[in-house]
Amino acid sequence: MVAAALVLFMTPGLAFFYGGMTRAKAALNMMMMSFISIGMVGVVWVLWGASMSSGEGFMEIVGNPFATFGLEGITTPDGLIKVGYAATFAIITVALISGAIADRAKFGAWSVFVPVWVTLVYCPLAYMVWGGGLFGPEGAIGKALGPAIDFAGGTVVHINAGVAALILVLIIGNRKGFGKDPNHRPHNIPFVMLGAAILWFGWFGFNGGAATTAEQGGLIWINTLAAPAAAMLGWLVTERIRDGHPTSLGAASGVVAGLVAITPACANVSPVGALGLGVVAGVASALAVGLKFRWGFDDSLDVVGVHLVSGIIGTVALGFIALPTDGVGGGLFYGGGLTQLWAQLAAAGIAIAYSAVLTSIIALAIHKTMGFRVSQEQETVGVDLSLHAETAYEFGLSGHGGSFQPLHDMITGKGQGETVQAAPGAQKAQPATGKESVGA
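Given the structure is predicted, the values throughout are model-derived calculations rather than measurements.

Caption draft 1: Structural context of the overall build of the protein chain. What the protein chain contains, in helices and strands, is 16 helices and two strands. Per-residue burial for the protein chain yields a buried fraction of 53% across its 440 residues. By sequence separation, contacts in the protein chain at least 24 residues apart represent 75% of the contacts at least 6 residues apart. When the accessible area of the protein chain is evaluated, it comes to approximately 18,400 Å², of which 68% is carbon and sulfur surface.

Structure (structure tokens):
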């Protein structure tokens with residue numbers, strides 16, 4: 001129960017982390033995308049999500065959504081707690097995706113995407129890895145190549161979210177002024193660092209909640225400390241060499257990269273292995289986030305560069321540094337041969353392909369029907385005001401808190417209460433009262 005609460009707290013932490021990285025006029029929308037994920041996935045998980053990710057499955061791909069619909073038949077304390085713990089993973093996985101499409105996605109479209117994606121992408125992949133499906137000991141791939149190791153979500157959470165984020169970026173398109181407008185820089189770095197701190201705090205529950213012994217729990221705790229610490233240093237050194245200065249944003253991002261990398265490996269590598277894994281992840285993700293400018297895709301808050309890249313590193317690295325179990329197996333560096341490496345590569349590759357195909361279908365369906373992207377006018381004004389009729393900060397430009405002029409006034413630069421010079425004989429315009437609906 002404590003571990004589940006820690007993981008649930010991570011999603012509001014992610015809201016601060018992402019909210020601080022956006023422009024001031026999009027901060028609330030970014031945070032709301034995380035919060036609506038809690039609401040949507042919480043309902044889905046109780047009704048059919050938990051049933052789809054466990055139990056008897058269809059072709060080792062997905063569980064029966066009606067087997068325990070509404071959690072019927074799950075009455076024991078341990079059963080209910082496991083359902084709640086699993087729900088928090090599903091919640092933060094879909095919330096992670098939102099950072100890639102900051103400042104330009106319709107909130108209504110996102111609210112449709114969340115439950116559909118969790119149902120069709122997250123639940124089946126969770127079943128394949130953790131629910132006794134394809135990658136399990138009795139699954140087809142597990143029998144052929146050996147079971148893939150993913151203790152806390154390298155494939156199910158981070159590779160899955162990173163691929164989905166990339167697909168959404170390619171479908172929705174780049175922000176106006178991407179790579180040129182300096183106003184796209186993070187508006188509140190202290191929020192980013194606060195969010196990273198909450199994420200790191202909650203991650204001890206994320207990785208440690210499934211420990212089966214005190215010894216395993218202790219190893220997980222140390223590894224969850226070591227890897228992000230080393231990744232932060234790796235990221236900062238990379239910045240110092242490349243850019244001439246380490247940054248606060250780099251420190252926060254490095255911590256998250258290390259946490260991502262250690263997630264699948266937390267119970268299966270030594271503390272020294274965790275340090276090495278963290279350094280590699282920190283350096284690799286620091287270099288990867290710059291590729292979006294070279295390749296021209298607007299991964300707004302570096303979901304692809306951090307979660308996909310470090311998720312792949314952490315998953316594949318187990319093929320090299322996984323510890324033997326009772327003196328048997330292990331990664332290549334421990335004399336286990338290539339068996340575990342092939343299993344890890346297969347798990348990563350299938351997760352990438354499955355997430356890419358299904359996310360493309362879902363996102364294109366939404367984009368071609370209701371539209372996934374806001375208008376240029378809404379993007380210019382800011383999605384906080386145009387979609388939610390709110391602003392995160394009072395800058396003295398739009399009256400008092402909660403009182404906003406219509407969208408066309410914001411675009412033309414008119415202040416609240418100002419009037420346009422009327423033509424002779426025309427009726428004088430009335431001041432804005434702040435009660436008008438936003439006309440977009």
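Caption draft 2: Spotlight on the environment of Pro-186. Within the fold, Pro-186 resides in the loop between helix H6 (154-172) and helix H7 (189-208). C-alpha of Pro-186 to C-alpha of Met-21: the two residues are 165 residues apart in sequence and 3.9 Å apart in space. With residues up to four places along the chain from it excluded, the contact list for Pro-186 reads Gly-20, Met-21, Thr-22 and Leu-249.

Caption draft 3: Highlighting the side chain of Asn-160. Structurally, Asn-160 is set in helix H6. At 3.1 Å, the side chain of Asn-160 forms a polar contact with the backbone oxygen of Val-156. Look past the residues within four positions of Asn-160 in its chain and what remains in contact with it is Trp-117, Val-121, Tyr-122, Leu-125, Thr-155 and Ser-355.

Caption draft 4: Quick peek at the nonpolar core. By size, the foremost hydrophobic cluster in this structure holds 112 residues, and its most contacted members are Phe-17, Ile-97 and Trp-117. Per-element tally for this core: the top contributor is helix H4 (residues 107-130), with 14 residues.

Caption draft 5: Here's a closer look at the pattern of salt bridges. Applying the stated criterion to the full structure yields seven salt bridges. With its nearest N and O atoms 3.7 Å apart, the salt bridge here joins Arg-175 to Asp-103. Within this pair, whereas Arg-175 is found in the loop between H6 and H7, its partner Asp-103 is found in the loop between helix H3 (77-97) and H4, the two being separated by 72 residues in sequence. Via salt bridges that share partners, Arg-23, Asp-103, Arg-104, Arg-175 and Asp-298 belong to a single interconnected network.

Caption draft 6: Expanded view of the side chain of Asn-207. Residue placement: Asn-207 occurs in helix H7. Among the residues examined, Asn-207 registers a relative accessible area of 0% and is labelled buried. In terms of polar contacts, Asn-207 uses its side chain to reach the side chain of Thr-224, at 3.1 Å.

Caption draft 7: Structural detail: the packing of helix H2 (residues 27-52) against H4. It is at 9 Å that the axes of H2 and H4 come closest, and there the two elements cross at 45°. By the angle between their axes, H2 is oblique relative to H4. For the pair H2 and H4, the crossing hand works out as right-handed. Contacts between H2 and H4 involve Asn-29, Met-32, Met-33, Ile-36, Ser-37, Met-40, Val-41, Val-44, Trp-45, Trp-48, Gly-49 and Met-52 on the former and, on the latter, Phe-107, Trp-110, Ser-111, Val-114, Pro-115, Val-118, Thr-119, Tyr-122, Cys-123 and Tyr-127. Here the residues of the contact of H2 with H4 sort into 17 nonpolar, five polar and no charged.

Caption draft 8: How the structure looks around the confidence of the model for the protein chain. Overall, the prediction assigns the protein chain a mean pLDDT of 91, with 90% of residues at 70 or greater. Here residues 398-405 is a poorly scored stretch, pLDDT under 50, and it has 24 contacts once near neighbours within four places are set aside; other chains count. Segment residues 415-440 is flagged for pLDDT under 50; beyond a separation of four residues in sequence, or across chains, it makes 28 contacts in the model.

Definitions and limits used
- Residues numbered from 1 in each chain as written.
- Predicted model: local features only at pLDDT ≥ 70, side-chain atom pairs only at ≥ 80, totals over all residues.
- Heavy atoms only, no water.
- Helix = DSSP H or I, 4+ residues; strand = E, 2+ residues; numbered from the N terminus.
- Buried < 20%, exposed > 50% of the residue type's maximum accessible area, 1.4 Å probe, protein only.
- Contact = heavy atoms within 4.5 Å.
- Areas by Shrake-Rupley, 256 points an atom, 1.4 Å probe, with all protein chains shown as cover.
- Polar contact = N/O pair within 3.5 Å; in protein donor to acceptor, adjacent residues only side chain to side chain.
- Core = buried A, V, L, I, M, F, W, Y, C linked by side-chain atoms within 4.5 Å.
- Salt bridge = Lys/Arg side-chain N within 4 Å of Asp/Glu carboxyl O.
- Axes fitted to C-alpha atoms, helices over the stretch in contact; angles between N-to-C directions.
- Parallel < 35°, antiparallel > 145°, perpendicular 65-115°, else oblique.
- Left-handed = near helix turned anticlockwise from the far one by under 90°.
- Nonpolar A, V, L, I, M, F, W, Y, C, P; charged D, E, K, R; others polar.
- pLDDT = per-residue confidence, 0-100.

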